[in-house]
Amino acid sequence: MRPDGRAADELRPHSFERDYTAYAAGSVLVTFGDTKVLCTAMIDEDTPRWMRNSGKGWVTAEYSMLPGSSPERIRRETKGPKGRTQEIQRLIGRALRSVCDMRALGERQVLIDCDVLQADGGTRTASICGAYLALSDALVRARQEGLIDTDPLTDVLAAISVGVVDGEARLDLPYSEDS
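So, here is what we can say about the structure in this document. (Residues numbered from 1 in each chain as written. Predicted model: local features only at pLDDT ≥ 70, side-chain atom pairs only at ≥ 80, totals over all residues. Heavy atoms only, no water.)

1. A few points about unusual backbone geometry
As a reminder of what qualifies: To sort residues, take the accessible area from a 1.4 Å probe on protein chains only and compare it with the maximum for the residue type: under 20% means buried, over 50% means exposed, and anything in between is partly exposed.
The phi dihedral of D19 falls on the positive side, at around 55 degrees, and the residue is not glycine. One non-glycine residue, N53, lies in positive phi territory at about 65 degrees. The class of N53 is exposed, set by a relative accessible area of 74%.

Given below as structure tokens:
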């Protein structure tokens, strides 16, 4: 039996509150059990230097666990992301780019921010799910404003954690099972 009483293949209660913030082109508060992540998407009419004049855009992601998001205080990474954070940022960015046609995006970039407000396992997967919805909403608005002609999204995207605990495969691990 799992600590929270769920079946091995059962997800924690989850929710996606869209348009959570007023100023981002797309924003989502994601909740997976006690994990809470705020994901925002902003469209920048510039591309990274190395992409200029290519006719293609870019999607990039930043990830951060905020102080107060876990029982022990997380320090802000003021000198750039460390190994784990950088790995997660790359994972989120690659996942989003895998379902986005960069030519349809045009020469602009979408900047995704995933800020963990409360961590109880599954922050990466919650970030990917919320980032996709924030990206989707931002791209809908970009089409409505005439910035892009067609939807750059080529597929849907979601993620969930899986692990083996005491010899049993389990879905959507909270921190107590993941650690």
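2. Digging into the pattern of salt bridges
Formally: Each salt bridge in this description consists of a side-chain nitrogen of Lys or Arg and a carboxyl oxygen of Asp or Glu lying within 4 Å of one another.
Applying the stated criterion to the full structure yields 11 salt bridges. The partner of D4 in a salt bridge is R6, and the shortest N-O contact between them spans 2.7 Å. A residue is classified by how much of its surface remains accessible, and R6, at 6% relative accessible area, is buried. Measuring nitrogen to oxygen at the nearest pair gives 2.8 Å for the salt bridge that ties E177 to R170. If you follow the salt bridges from partner to partner, you end up with R2, E168, R170 and E177 in one network.

3. Quick notes on the sheet that holds strand 1 (residues 14-18)
Defined as follows: Pairing between two strands is assigned when DSSP locates at least 2 bridges connecting them. Secondary structure is summarised from DSSP: a helix means a run of H or I of at least four residues, a strand means a run of E of at least two, and numbering begins at the N terminus for each. Here, axes are lines fitted to C-alpha atoms. For helices the fit covers the stretch in contact, and angles between N-to-C directions go from 0 to 180 degrees. Only heavy atoms matter for contacts: two residues are in contact if any of them lie within 4.5 Å across the pair.
The five strands lie next to each other as 1-2-3-5-4, forming an open sheet whose pairing is mixed. Either end of the sheet is taken by a strand with one partner, and the two such strands are strand 1 and strand 4 (58-65). Each neighbouring strand pair of the sheet contributes to a mean axis angle of 15 degrees, computed without reference to strand direction. The strands that helix 1 (residues 83-97) touches are strand 4 and strand 5 (109-118); relative to strand 4, the one it contacts most, it runs at about 145 degrees. Its contacts with the sheet place helix 3 (residues 123-144) against strand 1, strand 2 (26-32), strand 3 (35-44), strand 4 and strand 5, and it is angled at close to 35 degrees to strand 3.

4. Some words on the pairing of strand 7 (residues 168-171)
Sheet topology note: the strand 6 (residues 162-165)/strand 7 ladder contains four bridges and is antiparallel. In the sheet register, V164 faces strand 7, and the bridge partner there is A169. Here strand 6 folds back onto strand 7, and the loop between the two strands holds two residues, one of which, D166, carries a positive phi near 50 degrees.

5. Considering helix 1
To keep things clear, this is the line we draw: Helix span, expected: 1.5 Å multiplied by one less than the number of residues in the helix. The directions considered for the arc run from the helix axis to the C-beta atoms.
Between its first and last C-alpha, helix 1 extends 21 Å over 15 residues, near the 21 Å set by a 1.5 Å rise per residue. Taken together, the buried positions of helix 1 are occupied by T85, I88, Q89, I92, G93, A95 and L96. Looking straight down helix 1, one finds its buried side chains confined to an arc of 165 degrees; they lie on one side. Opposite the buried face of helix 1, at more than 90 degrees from it, the exposed residues are G83 and R94.

6. Let's talk about the layout of surface pockets
Inclusion rule: A cavity, in this analysis, means grid points on a 1 Å lattice covering only the protein atoms where a 1.4 Å probe fits yet has no way out; a pocket is instead an open set bounded by protein on both sides within 12 Å along at least five of seven lines, and a residue lines either one if it has an atom within 4 Å of a point. Grid points are joined across faces, edges and corners, and a volume is the space filled by probe spheres set on the points. Lys, Arg, Asp and Glu make up the charged group, whereas Ala, Val, Leu, Ile, Met, Phe, Trp, Tyr, Cys and Pro make up the nonpolar group; the residues left over, Gly among them, are polar.
In this structure, the largest pocket encloses a volume near 870 Å³. What lines the largest pocket is a set of 35 residues, and nearest its centre among them are Y63, M65, I74, R84 and T123. Of all the secondary-structure elements, those providing two or more residues to the lining of the largest pocket are strand 4, helix 1, strand 5, helix 3 and helix 4 (175-178). The greatest single-element share of the lining of the largest pocket, amounting to four residues, is contributed by strand 4. Of the residues belonging to the lining of the largest pocket, the class tally is 11 nonpolar, 11 polar and 13 charged.

7. Looking at the nonpolar core
To keep things clear, this is the line we draw: Buried residues of nine kinds, namely Ala, Val, Leu, Ile, Met, Phe, Trp, Tyr and Cys, make up a nonpolar core once their side-chain atoms join them within 4.5 Å.
Core analysis: the biggest nonpolar cluster contains 37 residues, and V59, I92, L96, V110, I112 and C114 have the highest contact counts within it. Only strand 2, strand 3, strand 4, helix 1, helix 2 (102-105), strand 5 and helix 3 provide two or more residues apiece to this core. The leading source of residues in this core is helix 3, at 11 residues.

8. Topic: helix 3
In this model helix 3 runs 31 Å from its N-terminal to its C-terminal C-alpha over 22 residues, within 8% of the 32 Å that 1.5 Å per residue would give. Of the residues trailing helix 3, G146 is marked for its positive phi of about 80 degrees.

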